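Architecture at a glance
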Amino acid sequence: MSAAGAPAALSGNEQIREKLISRKIEFIGLQFTDLLGSVKTVYAHMDEFETIMAGKTMFDGSSVKGFARVEQSELRLMPDLSTLRVDAFEAERGRVAYVYCDVLRPGGETAECCSRSILKRALKEAARLGCRLNVGLEGEFFLFETNELGEPIRKAHDEVGYFDGGPADRGERTRMEIASEMKRQGFMLEAVHHEVAHGQHEIDFKYGEALAAADRWMTFRQIVKHVAHRNGQHASFMPKPFAGQNGNAMHCNQSLQSLDGVNVFFDNGSPDGLSDTARYYIGGLLKHAKGIAAISNPIVNSYKRLLPGYEAPTHIAWSSSNRTALVRIPSARGSGTRVELRTPDPAANPYLVFAVMLRAGLEGVASRLEPPEEAAGNIHRMSAEERDKARIGRYPRDLHEALDEMRSDELIRETLGPAAFEMYISLKQQEADEYAAVVHAWETDRYLGRL
């Protein structure tokens, strides 16, 4: 009791503990994202609350891709309490709360391959320059029916298209349950609908500061997977599951804000409403687009999506209306002025994508890098000569080419740090080489009987 007889005020951690106990939480899921963008979780009982809050929960980094060599394997998880959330799904051993963590060395130093910390480092640089990054993501995914073993049946579960609904949209119930669960977990939803491709869906949620947006994206992916599974379906974020159909993107709508909340991409006095800062930022994105490719489009399947005819960019250009451009400028102005990077797909690690695109844009601003003229018309229909004249470059065609471009981009190396940069390239090069060594059905169908 205090001197006045009132109960003593609880500390921040004690308040959190009392809140979790009141919600009947038994376990806390400590989550972190590996270098390739997969969520990892270790569960700790509420009995270990003080250990959890002190960042003393340890794990073996040598068993997680990209984190550490065996001789440097012991790592710690430091929870970011701003991300604490209660999962509405019942766990077998009790209700669970989840929190995202930064990965630390035993002595408290940031682990080199902690992708969340890589983004935080880029955001600190932006803050030193007097700005912060806001990002809004468009969440696209496919739903598949499953067989008796719970494995996905590789066939679109419906044959409807953009904005269709009703009984023919066999994923409508699951999609709306996903949206409801997102609302329960604090998301502010903007649009929920069937997408263009058969079996494809989209849920858009409100933009936010880049670190929170990346955390929310990882939560979104888990909610989608959980609800689909509960309904006997399989949700996939694979960029291009079907030839001849649109693929999944992770369009990144972004803007720079001053530290007092003013959108610095907007200039009411310019003819198009874009400030010089916005144009220079675009210039930086275009300059480093090839170097970013292996991060924004990180798997061999990513490049099956980036083909003409499917609203996906194949060349390095910008436009206020053209969806074939790598960077598009939506029509909103004022506080809604933003730049949309259309290349990333949901196989990517959002922390790394946001970090490299921010650093690329900031370099453009610092060097006052003017982009080429805005692309007019359909870039896919331009001749090579017309594209050269308009300074429109070609985006990497496959993961091998993207990795070569990444190796030669010093800004990407600096953003990730030497250890994460080399580890990422090593893991992705192995993946690309394994794919190249496989004889695929298309090859035998085409050549076996002819040669």
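Residues numbered from 1 in each chain as written. Predicted model: local features only at pLDDT ≥ 70, side-chain atom pairs only at ≥ 80, totals over all residues. Heavy atoms only, no water.

Counted by the stated rule, this structure contains 23 salt bridges. Residue E363 pairs with K287 through a salt bridge whose shortest N-O separation is 3.2 Å. In this pair, E363 is assigned in helix 9 (residues 350-366) and K287 in helix 6 (residues 276-287), connecting sequence segments 76 residues apart. Note on K287: relative accessible area 53%, which makes it exposed. Measuring nitrogen to oxygen at the nearest pair gives 2.6 Å for the salt bridge that ties E414 to R359. Placement of the pair is E414 in helix 12 (residues 410-416) and R359 in helix 9, with a sequence separation of 55 residues. (Salt bridge = Lys/Arg side-chain N within 4 Å of Asp/Glu carboxyl O. Helix = DSSP H or I, 4+ residues; strand = E, 2+ residues; numbered from the N terminus. Buried < 20%, exposed > 50% of the residue type's maximum accessible area, 1.4 Å probe, protein only.)

Within the element layout of this structure, E431 appears in helix 13 (residues 418-437). Under the relative-accessibility criterion, E431 is labelled partly exposed at 25%. With 133 residues separating them along the chain, E431 and P298 place their C-alpha atoms 9.8 Å apart. Beyond its immediate chain neighbours, meaning those up to four positions away, E431 contacts P298, I299 and V300. (Contact = heavy atoms within 4.5 Å.)

Core analysis: the largest hydrophobic core is formed by 104 residues, its most contacted members being F220, V327 and F354. The element contributing the most residues to this core is helix 5 (residues 210-230), with 11 residues. In contact with F220, not counting residues within four places along its chain, are G139, F141, M182, F187, I203, F205 and F237. One finds A325, A375, I379 and M382 within the second-largest nonpolar core, a separate group that totals 6 residues. (Core = buried A, V, L, I, M, F, W, Y, C linked by side-chain atoms within 4.5 Å.)

A few words on the side chain of N301. Inspection of the secondary structure puts N301 in the loop between helix 7 (289-296) and helix 8 (302-305). Setting aside residues up to four positions removed in sequence, N301 forms contacts with M238, P239 and K240.

A separate point is the packing of aromatic side chains. A full pass over the atoms with the stated rule returns 17 aromatic pairs. With 5.8 Å between their ring centres and 75° between their planes, F142 and F242 make a pair best called edge-to-face. Linking F142 in strand 7 (residues 131-146) with F242 in the loop between strand 12 (233-236) and strand 13 (252-258), this pair joins segments that are 100 residues apart in sequence. Of the residues examined, F142 reaches a relative accessible area of 0% and is grouped as buried. Ring centres of W217 and F237 lie 6.3 Å apart, and the angle between their planes is 65°; on these two criteria the pair is classed as edge-to-face. In this pair, W217 sits in helix 5 while F237 sits in the loop between strand 12 and strand 13, placing the two residues 20 residues apart along the sequence. Summarising the burial analysis for this pair, W217 and F237 share the class buried. Grouped by ring-pair contacts, the aromatic residues F141, F187, F205, W217, F220 and F237 constitute a single cluster. Seen from the ring of F237, R221 lies directly overhead, with NZ or CZ sitting 4.6 Å from the centre. (Phe/Tyr/Trp six-rings, centres within 6.5 Å; stacked < 30°, edge-to-face > 60°. Lys NZ or Arg CZ within 6 Å of the ring centre and 35° of its normal.)

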